[in-house]
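Per-entry structural report
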Amino acid sequence: MSVQLSDEDRARFGDDPRALFTENLREIQARIDAACARAGRDRSEVRLLPISKTVPAHILRFAFDAGIRTFGENKIQEAQQKHEALRDLPVSFAIVGHLQTNKAKYLARFASEFHALDSHRLANELNRRLEREERDLDVYVQVNTSREATKFGLAPEETLEFISELGAYPRLKLRGLMTLAIFSDDTERVRACFQRLRSLRDEALRINPNAQGLSMGMSGDFELAIEEGATIVRVGTSIFGRRPGSDAHYWPGLIPER
Ligand SMILES: *Cc1c(COP(=O)(O)O)cnc(C)c1O
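First, a word on scope: everything that follows refers to the structure included in this document. Quick caveat, the model's predicted, so the values are computed rather than measured.

1. Some thoughts on the site of the ligand
By nearness alone, 13 residues border the ligand, and Lys 53, Ser 219, Gly 236, Thr 237 and Arg 243 come closest of all. Between Thr 237 and the ligand, the recorded distance is 2.5 Å, taken from a side-chain N or O atom to an oxygen atom. Contact with the protein chains hides 96% of the accessible area of the ligand, taken as 390 Å² for the molecule alone. Partitioned by chemical class, the residues of the shell around the ligand number 7 nonpolar, 3 polar and 3 charged.

2. Focus on unusual backbone geometry
At Thr 54, a position not held by glycine, the phi torsion is positive, near 75 degrees. Relative to the helices and strands, Thr 54 is located in the loop between strand S1 (47-50) and helix H3 (57-65). Even without a glycine there, the phi angle at Arg 147 is positive, about 60 degrees.

3. Examining the side chain of Arg 41
Assignment of secondary structure puts Arg 41 in the loop between helix H2 (17-39) and S1. Taking relative accessible area as the criterion, Arg 41 reaches 16% and is therefore assigned buried. Here Glu 45 takes part through its side chain, which lies 3.0 Å from a polar atom of the side chain of Arg 41.

4. Brief notes about the pairing of strand S3 (residues 92-95)
Side chains on a regular strand alternate between the two faces of the sheet. One ladder, built from 4 bridges, connects strand S2 (residues 70-73) with S3; its direction is parallel. Residue pairing for S3: Glu 73 is matched across the bridge by Ile 95. Handedness of the crossover is the feature at issue here: the chain leaves S2, passes through helix H4 (residues 76-85), returns alongside S3, and the resulting connection is right-handed. Note that S3 and strand S4 (residues 113-117) share 2 bridges and pair parallel. Pairing of Ala 94 across the sheet is with Glu 113, part of S4. Tracing the backbone out of S3, into helix H5 (residues 104-110) and back to the parallel element S4 gives a crossover that is right-handed.

5. Some thoughts on the pattern of salt bridges
A full pass over the atoms with the stated rule returns 24 salt bridges. Between Arg 31 and Glu 223 there is a salt bridge, with the nearest N and O atoms lying 2.9 Å from each other. Taken together, the residues Arg 31 in helix H2 and Glu 223 in helix H9 (residues 222-227) connect sequence positions 192 residues apart. We classify Arg 31 as partly exposed; its relative accessible area is 31%. It is possible to trace a salt-bridge network through shared partners that takes in Arg 38, Glu 188, Arg 191, Glu 227 and Glu 228.

6. Things to note about the nonpolar core
The nonpolar side chains of soluble globular proteins are, as a tendency, buried together. Counting 70 residues, the largest nonpolar core has Phe 114, Leu 117 and Leu 126 as its most contacted members. Counting residues in each nonpolar core, the second largest holds 9 residues, with Ala 94, Tyr 140, Met 178 and Ile 232 among its members.

Reading the values: the criteria
Residues numbered from 1 in each chain as written. Predicted model: local features only at pLDDT ≥ 70, side-chain atom pairs only at ≥ 80, totals over all residues. Heavy atoms only, no water. Near = heavy atom within 4 Å. Polar contact = N/O pair within 3.5 Å; in protein donor to acceptor, adjacent residues only side chain to side chain. Areas by Shrake-Rupley, 256 points an atom, 1.4 Å probe, with all protein chains shown as cover. Nonpolar A, V, L, I, M, F, W, Y, C, P; charged D, E, K, R; others polar. Helix = DSSP H or I, 4+ residues; strand = E, 2+ residues; numbered from the N terminus. Buried < 20%, exposed > 50% of the residue type's maximum accessible area, 1.4 Å probe, protein only. Pairing = 2+ DSSP bridges. Right-handed = clockwise from strand over helix to strand, strands pointing away. Salt bridge = Lys/Arg side-chain N within 4 Å of Asp/Glu carboxyl O. Core = buried A, V, L, I, M, F, W, Y, C linked by side-chain atoms within 4.5 Å.

Structural measurements only, silent on function.
See the structure below:
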């Protein structure tokens with residue numbers, strides 16, 4: 001299928017988005033390889049989850065050509081539209097951002113992974129909707145490892161009890177924990193967030209042996225995350241370029257100002 005590029009597309013992704021994404025992916029893969037080597041980890045332990053939020057569906061066809069098969073999105077409506085638009089391609093969608101309970105029904109229809117589970121209310125509603133759709137969902141419990149009031153996620157001390165109660169939702173398949181580290185130039189503070197998630201995960205494994213996953217690390221900190229045990233790194237900007245309207249202070253996963 002040939003895709004026509006608008007002037008806006010060209011301004012953002014250049015004349016050859018397929019080549020751009022291919023090159024960016026190659027670079028990220030090399031950096032993941034190097035981080036694994038430094039940490040003495042097997043490369044197969046780390047999965048790259050490209051985060052394609054704000055990238056239009058027709059541009060994602062180039063990302064597919066570059067080899068991407070799962071797209072991470074943080075807004076349910078945007079993800080659903082892309083799912084519809086790309087129905088002819090064998091791709092899946094991971095929702096990585098906070099979800100309002102009243103949107104659970106949309107997620108249940110098409111998403112294959114959810115990286116921001118943080119309440120019983122949401123777990124219950126997702127389970128109920130998945131039951132109706134006769135689908136299962138891989139979930140990661142979001143933990144607020146930096147304890148910032150602006151971030152979603154369970155407090156670290158609430159996490160293990162929450163995990164021990166997830167058996168009540170048989171359609172939710174627990175795969176691990178997820179976090180957004182503090183946004184800071186101080187790498188030791190960032191690293192502490194990843195270490196907190198990892199030690200919680202180690203404890204969680206005693207409750208549920210399927211909770212091995214550590215979804216942590218983004219464009220600015222994924223190498224650090226890999227050093228601390230990440231099994232999934234969620235990378236957007238370094239693959240797709242800067243998002244329109246994003247500035248140096250932009251940080252995903254923040255609670256919108258009211
Ligand atoms: C946008 C987003 C990412 C990717 O962030 P980049 O800095 O663009 O790599 C990762 N995780 C979540 C939850 C996001 O919303």
